[in-house]
Amino acid sequence: MAESQPPAVAHPRGARPAPRPRLLHLAAAVDGTGQYQAPYFVELARLAERGMLDFVTLDDSLGPPGEGQGRLDALAVLSRVAPDTGRIGLVPTVTTTHTEPFHLSCAVATLDWVSRGRAGWRAEVSATEAEARLIGRRTAAPAEVLWAEAGEVADVAARLWDSWEDDAEIRDVATGRFVDRDKLHYVDFESARFSVRGPSIVPRPPQGHPVVVVDATDPVARRTAARHADVAYVRAATPKAAGAIRDELRRRAVAYGRDEDALTVLAALAVDLCEGEPASELPPPVGPLAARADGLPLYHGGPVDLAELIARWHQAGAVDGFHVTPVVPRLDLERFVNGTVALLQHRGFFRTFYPGTTLRDHLGLTRPANQYAQPHAQPNAQPHAQPREAVR
């Protein structure tokens, strides 16, 4: 018997079906002032993973640490967290200003390998004279110049990741050949700021291109975010303000030849979930959120009301999800996962299992095709993935 088909849905002449709603995405920071032991970061990452969050972030900068506290290298820390987690994405902050693009691309590719395809990196710039003196390489440049450079770093990193074709490693013991040299490519990138010949010294990452994240709150960073980012943060006190930035980023992405759905926009939010487990006695915020000294909007209330806020902003089409920074890392992240996320899952707003094994899977992103390889030479590439030239 022929398989039955669902009935066709008739639409009025000239009308189009409503677009399918975008999935809700959630991420969290696992920062910890004065924390230097791996178990702390592993514990928070596992907690976020239990809540099925897309990824965790760990902040970093080239500036001198404050209040006598040292700072661990975020990329190295998350490389240590990787083997003790199984699905959660891992996104360290990497400053592009005083970092060689070749070394950055190799380090991020390594994180993708040790995490089996769960790596991303948040591009940041170093704009202060104090940081420039600390590095001792050059004076600070205007933010516009630094973000243009960050875009070039993202571009050359993608080229270096593609400089090895997926099947370049042959490991032929009989002939002693480790790689097929015909499947390694020079990238020959040159700009006014740096030049990179390549190829990389690290094989192509499992994701093809690890996920690029940019804080696009500052208008000067939005060009780089729209052109290169897979995920963008926005710091906004109201859904209207967040939606305006999201719309701008998506318009710019389309102008660069990208699919607007290839850019996920998250609202960045600090969360203080108080003392109550289900909900605080404070009324849920309906007006603009207050801002902390660092400009990050602050939610102060209970887990239930936070779930309502997240659902309201997402259903209004203002953002694709939220990146939360717990005010008290262990306590607020636990209440966020066990309270807010659990309620969103119960109401069907957020997933209850991971859709795949990589961070790109969590975000609904295809694995990019290799820009240097011929189509027939890419057995591991997804046939519907778009070449990078089409998404710049």
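Residues numbered from 1 in each chain as written. Predicted model: local features only at pLDDT ≥ 70, side-chain atom pairs only at ≥ 80, totals over all residues. Heavy atoms only, no water.

**Brief notes about the confidence of the model for the chain**
Per-residue confidence for the chain gives a mean pLDDT of 86, with 82% of residues at or over 70. Contacts from residues 1–20, a stretch scored under 50 in pLDDT, to residues over four places away or in other chains number one contact. Low pLDDT, under 50, characterises residues 377–392; the stretch is placed with 40 contacts to residues that sit more than four places away or in other chains. (pLDDT = per-residue confidence, 0-100. Contact = heavy atoms within 4.5 Å.)

**A closer look at helix H8 (residues 303–315)**
With 13 residues, H8 ought to run about 18 Å at 1.5 Å a step, and its terminal C-alpha atoms sit 18 Å apart, in line with that. Within the span of H8, buried status applies to Pro303, Asp305, Leu306, Ala307, Leu309, Ile310, Ala311, Trp313 and His314. Those residues of H8 that are buried are in contact with strand S1 (25–29), helix H7 (239–255), strand S11 (264–272), strand S13 (297–300), strand S14 (321–326) and helix H9 (329–346). Following H8 by one or two positions, Gly317 adopts a phi angle in the positive range, close to 75 degrees. (Helix = DSSP H or I, 4+ residues; strand = E, 2+ residues; numbered from the N terminus. Expected span 1.5 Å × (residues − 1). Buried < 20%, exposed > 50% of the residue type's maximum accessible area, 1.4 Å probe, protein only.)

**Structural notes on the side chain of Asp112**
With respect to the helices, strands and loops of the structure, Asp112 is situated in helix H3 (residues 101–114). One buried charge, Asp112, has no salt-bridge partner; the nearest side chain with opposite charge is Arg367, at 7.4 Å. Within the structure, the side chain of Asp112 is placed 3.1 Å from the backbone nitrogen of Ala119, a separation counted as a polar contact. Not counting residues within four places of it along the chain, the set of residues in contact with Asp112 comprises Gly117, Arg118, Ala119, Pro205, Pro206, Gln207 and Pro210. (Lys, Arg positive; Asp, Glu negative; His and termini not counted. Salt bridge = Lys/Arg side-chain N within 4 Å of Asp/Glu carboxyl O. Polar contact = N/O pair within 3.5 Å; in protein donor to acceptor, adjacent residues only side chain to side chain.)

**Concerning H3**
Between its first and last C-alpha atoms H3 spans 20 Å; for 14 residues at 1.5 Å apiece the expected length is 20 Å, and the two agree. Taken together, the buried positions of H3 are occupied by Pro101, Leu104, Ser105, Cys106, Val108, Ala109, Leu111 and Asp112. Each element contacted by the buried residues of H3 is listed here: helix H2 (74–81), strand S3 (89–95), strand S4 (120–124) and helix H5 (143–162). Arg116 sits one or two residues past H3 and shows a positive phi near 60 degrees.

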